[in-house]
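Summary of the model geometry
What follows is the residue order along each chain.
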Amino acid sequence: MTKNPMSSALTPEPDPCPDMAAKAAAFLDGQQITMTQCGLCGTEIAGVNGRYSCGVCGWTNPWWEGTSTLPSARDDVQT
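Note that the coordinates shown come from a computational prediction; the quantities given were computed from them, not determined experimentally. (Residues numbered from 1 in each chain as written. Predicted model: local features only at pLDDT ≥ 70, side-chain atom pairs only at ≥ 80, totals over all residues. Heavy atoms only, no water.)

1. Digging into the state of the cysteines
For the coordinates displayed, the defined rule picks out zero disulfides. We note that Cys 41 lacks a disulfide partner, and the nearest cysteine sulfur, in Cys 38, lies 3.8 Å from it. Given the relative accessible area of 38%, Cys 41 is considered partly exposed. (Disulfide = S-S within 2.5 Å. Buried < 20%, exposed > 50% of the residue type's maximum accessible area, 1.4 Å probe, protein only.)

2. Observations regarding the pairing of strand β3 (residues 33-37)
In this sheet, strand β4 (residues 44-48) lies alongside β3 in antiparallel orientation, the contact comprising five bridges. Looking at β4, one finds that Met 35 is bridged to Ala 46. Taken together, β3 and the strand that follows it, β4, pair antiparallel across an intervening segment of six residues, in which Gly 42 is found at a positive phi of about 85°. (Pairing = 2+ DSSP bridges. Helix = DSSP H or I, 4+ residues; strand = E, 2+ residues; numbered from the N terminus.)

3. Quick word on the pattern of salt bridges
Inspection of every chain in the model, using the stated rule, returns one salt bridge. The shortest N-O distance in the salt bridge between Asp 19 and Lys 23 comes to 3.7 Å. Pair noted here: Asp 19 and Lys 23 are both in helix α1 (residues 18-29), with a separation of four residues, about one helical turn. Using a relative accessible area of 47% as the deciding quantity, one classes Asp 19 as partly exposed. Its relative accessible area of 53% is what places Lys 23 among the exposed residues. (Salt bridge = Lys/Arg side-chain N within 4 Å of Asp/Glu carboxyl O.)

So this is what it looks like as structure tokens:
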């Protein structure tokens with residue numbers, strides 16, 4: 001149980017969904033943290049699967065430069 005910051009009552013935590021946990025684990029297994037230099041200012045930046053965005057100058061590399069295929073709209077299920 002967790003304490004609701006808006007009240008003094010304790011609220012039960014939701015039961016974990018094994019199917020959702022398995023999907024999340026499978027997704028995370030396919031992710032790789034990669035490093036490069038910003039294409040605009042040269043700052044060393046980290047990204048996921050070769051996709052980057054610089055927090056210093058705002059540069060973002062094109063989506064097609066990533067190292068993995070992005071999911072199709074049908075496969076990119078959001079819950």
